[in-house]
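What follows is each chain in one-letter form.
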Amino acid sequence: MPHVHDHDADHESVYDGLTGGDDSQWAFGTDFEDPLAGVDTTIAQGVDASALAAYCLMLGDDALVYSHRLAQWTSNAPDLEDDIALANIALDLLGQARLLLARAAAADPAVVPALPDGSPVPPEDALAFFRDEAGFRNVRLVEPDNGDFAVTMARLLVFSTYRLALLERLRDSNDPVLAAIATKGVKEVAYHRDYAGRWFLTLARGTEESRRRLLAGLALVWPLYDELFRTHHVEAAAADQGFGVDPSGLADEVGVVLEQVLTTSGVERPEIAQTGAVNGQTGRGGRHTEVMGRLLAEMQVVARAHPMGLW
Amino acid sequence: MSLDVGPAVDLDLERARRVVAEVTDPEMPMLTLADLGVLRGVAHDAETLTVTITPTYSGCPAMATMRDDLVHRLADHGFDRVEVRVSLTPAWSSDWISERGRRALRDHGISAPGPAPRHDGPVPLNLMPRRRELTCPRCGSADVQLSSEFGATACKAMYRCTGCLEPFDHVKEI
């Protein structure tokens, strides 16, 4: 339950004690602070601020939406170690999302949804919880339900291989904030990819049933593979202006890494029809799969009920 | 506090540094922020004391607590105008944990990280369990098994000693 700022209230809120005065008694910070406090957010010459913001939303939304999906495994994974692993991976991605959405808001405040005057909701939260589906710019690969553990490992392998290749190149971004987020992210996502790769191998060479489930999982994930490498005009501009990466240039590298895992696992690369664009648009253009609305509803409902909430 | 210009200012800064040096990590309180390597600097101008910290992992939920702890500890010592800044570059590395910090970890049953891998080019895929030269922080046995690369906090992996059978945490190399 959030503490609601209501200056007109004529009764005392029982939560006043939580936010006023000395909060050193609380284990965790009771107020938000800018995750980029003190970071130089000046925009490099020749960089279009609105393109930079749009690009940060894309990479931030990939991390945010996938983080939400992976967090749904919490308390449901096959064993405690993997429960903790998936929660940790979700947390790393949530941290990356927070920095990227904060970077988007700092670059172009116009992307942040308007909230009532005096709302204490920070800009990165406004972006996460108060944007509608069409405003999200994530690739569609991160949206589907988790399915079983094998489906999840197949998707995590594809996603983390793609994101690692992307972040490795983004370290050379001429936007110092993006370069810093990428440098940190590479260290984290390298662990995610190896975790997924090991489970992929284990399931593929485990029992007949684990292999059957893994192959079914890969087939479920694969139709959204090509979209990862489809260049949206914002990504083209990002690459042109030196702050981002053209994803079409990642396809070979990602393919080679996946081929290593597939070969070691004795699994053929799927030949499966790809999910096409809808009216020319994919996830990067705000066109999402059917499950996206339910995912956002669950993720956003509490925050939206309390636009004046302080968490 | 007095904020006169001149030598007194430097004395204040030295005092502030000593206060800051005692603030510990909220998740691993046997380590100071300095020992952990997240404390990147203490400086001040005529009005404000600025403390710079860097996150260990992007999603580290302890950052807000570290900020609060720094502000409160400094306020207790008379520093009222404190700004805590975040630095993202260079990215934190487990190599920054001090020798004293490594000893403190071991003394508390946590295995300290080995040298961090260098990630300048593409990170090579590793499908085998990561090999680390570890000994059990309780009994010293080198017979240890990795249970999971992920643990109770973002920065730790879980191990089990096959000698004394106790589980233990290992701070990961990044």
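Residue numbers restart at each chain and count upward from 1, following the sequence in its written direction. In the order they appear in the text, chains get letters beginning with A and ligands get numbers beginning with 1. pLDDT decides what is reported in this predicted model: residues at 70 or higher carry local features, side-chain atom pairs at 80 or more are listed and counted, and totals for whole chains, interfaces and linings draw on all residues regardless. As a rule here, side-chain values come from all non-hydrogen atoms in the structure, and water together with hydrogens is ignored.

Where an unreviewed UniProt entry is consulted, chain B appears under the name Ring-1,2-phenylacetyl-CoA epoxidase subunit PaaD, with the organism given as Nocardioides psychrotolerans.

Per an unreviewed UniProt entry, chain A goes by the name Ring-1,2-phenylacetyl-CoA epoxidase subunit PaaC and belongs to Nocardioides psychrotolerans.

Moving on, we come to the packing of helix H5 (residues 149-170) of chain A against helix H6 (residues 176-204) of chain A. All names here are of chain A. Whenever a helix is involved, its axis is fitted only over the stretch in contact; in every case the axis is a line through C-alpha atoms, and angles between N-to-C directions fall within 0 to 180 degrees. Put simply, DSSP marks the helices as runs of H or I at least four residues long and the strands as runs of E at least two long, and each gets a number from the N terminus on. Between H5 and H6, the least distance of the axes is 7 Å, while the angle of their chain directions is 150 degrees. Classified by the angle between their axes, H5 and H6 sit roughly antiparallel to one another. The element H5 and its partner H6 pack so that their crossing is left-handed. Throughout this entry, Asp, Glu, Lys and Arg are counted as charged residues, while Ala, Val, Leu, Ile, Met, Phe, Trp, Tyr, Cys and Pro are counted as nonpolar. The remaining residues, Gly among them, count as polar. When grouped by side-chain class, the residues that make up the contact of H5 with H6 number 20 nonpolar, five polar and three charged. Each angle is binned into one of four classes, with values under 35 degrees roughly parallel, values over 145 roughly antiparallel, values of 65 to 115 roughly perpendicular, and all other values oblique. Two helices that cross are described as forming a left-handed crossing if the nearer one is turned anticlockwise from the farther one by less than a right angle, and a right-handed crossing if clockwise.

This paragraph deals with the environment of Leu141 of chain A. All names here are of chain A. Relative to the assigned elements, Leu141 resides in the loop between helix H4 (123-129) and H5. Between the C-alpha atoms of Leu141 and Asp62, which are 79 residues apart in sequence, the distance is 8.8 Å. Contacts are assigned to residue pairs with any non-hydrogen atoms lying within 4.5 Å of each other. Those residues within four positions of Leu141 in sequence are excluded, and the remaining contacts are Arg155, Val158, Phe159, Val221, Leu224 and Leu228.

Per the UniProt record, the feature "domain: PaaD zinc beta ribbon" (unreviewed entry) sits at residues 130-172 of chain B. Helix makes up 0% of residues 130-172 of chain B and strand 37%, and the two end C-alpha atoms of the span are 11 Å apart. UniProt positions are given in the numbering used here, feature names are shortened, and annotations may be inferred rather than shown by experiment.

So, about the UniProt feature "domain: MIP18 family-like" (unreviewed entry) in chain B. When the UniProt feature table is mapped to this numbering, "domain: MIP18 family-like" (unreviewed entry) covers residues 17-75 of chain B. Annotation note: span residues 17-75 of chain B, helix share 37%, strand share 19%, distance between end C-alpha atoms 13 Å.

Take the packing of aromatic side chains next. In this scheme Phe, Tyr and Trp rings, the latter by its six-membered ring, pair at centre separations within 6.5 Å, and the angle between planes marks the pair as stacked below 30 degrees, edge-to-face above 60, and tilted otherwise. Scanning the entire structure with this criterion turns up nine aromatic pairs over all chains. Taken together, a centroid distance of 6.0 Å and an interplanar angle of 85 degrees make the contact between Trp73 of chain A and Phe149 of chain A edge-to-face. Separated by 76 residues along the polypeptide, Trp73 of chain A in the loop between helix H2 (49-71) and helix H3 (80-107) and Phe149 of chain A in helix H5 bring together distant segments of the chain. Considered together, Trp73 of chain A and Phe149 of chain A belong to a single accessibility category, that of buried residues. Taking the relative accessible area as the measure of exposure, Phe149 of chain A reaches 10% and is therefore buried. Ring pairs connect the aromatic residues Tyr162, Trp222, Tyr225 and Phe229 of chain A, which therefore count as one cluster. A ring is considered to have a charge above it if a Lys NZ or an Arg CZ atom is located within 6 Å of its centre and within 35 degrees of its normal. Note that Arg131 of chain A overlies the ring of Phe136 of chain A, its terminal NZ or CZ placed 4.1 Å from the centroid. For Arg40 of chain B, the ring lying beneath its charged end belongs to Trp96 of chain B, and the centroid distance is 3.8 Å. Buried, partly exposed and exposed residues are distinguished by accessible area as a fraction of the type maximum, computed with a 1.4 Å probe on protein chains only: under 20%, between the cut-offs, and over 50%, respectively.

Glancing now at the sheet that holds strand S2 (residues 49-53) of chain B. Residue and element names in this part refer to chain B. Pairing in this open sheet of three strands is mixed, and the strands run S1-S2-S3 from one edge to the other. The sheet terminates laterally at strand S1 (39-44) and strand S3 (82-86), the two strands that pair on one side only. Sheet twist, expressed as the mean angle between neighbouring strand axes with direction ignored, is 20 degrees. Note on pairing: two strands pair once DSSP finds at least 2 bridges between them. Strand direction decides the pairing type here: S2 and S3, joined by five bridges, are parallel. Note on S3: the bridge partner recorded for Leu49 is Val82.

Our next topic: the interface of chain A and chain B. Contact residues are listed per partner, giving 47 residues for chain A and 45 residues for chain B. Values labelled buried area give the accessible surface lost by two parts on being combined, using a 1.4 Å probe and summing over both. Taken over both partners, the interface formed by chain A and chain B buries close to 3,800 Å², and the fraction arising from carbon and sulfur atoms is 59%. The three residues of chain A that bury the most area against chain B are Lys184, Tyr191 and Arg198 of chain A, which together make up 21% of that side's buried surface. The salt bridge definition used is simple: a Lys or Arg side-chain nitrogen within 4 Å of an Asp or Glu carboxyl oxygen. Inspection of the chain A/chain B interface yields one salt bridge. One salt bridge connects Asp194 of chain A with Arg130 of chain B, and the closest N-O pair in it is separated by 3.7 Å. Whenever two N or O atoms come within 3.5 Å, that pair is a polar contact, provided that in protein one can donate a hydrogen and the other can accept it, and provided that, for residues adjacent in sequence, both atoms are side-chain atoms. Counting the contacts that link chain A with chain B gives 15 residue pairs in polar contact (both at pLDDT 80 or more). With 16 residues, the top contributor of residues to the side of chain A that touches chain B is H6 of chain A. When grouped by side-chain class, the residues that make up the side of chain A that touches chain B number 21 nonpolar, 12 polar and 14 charged.

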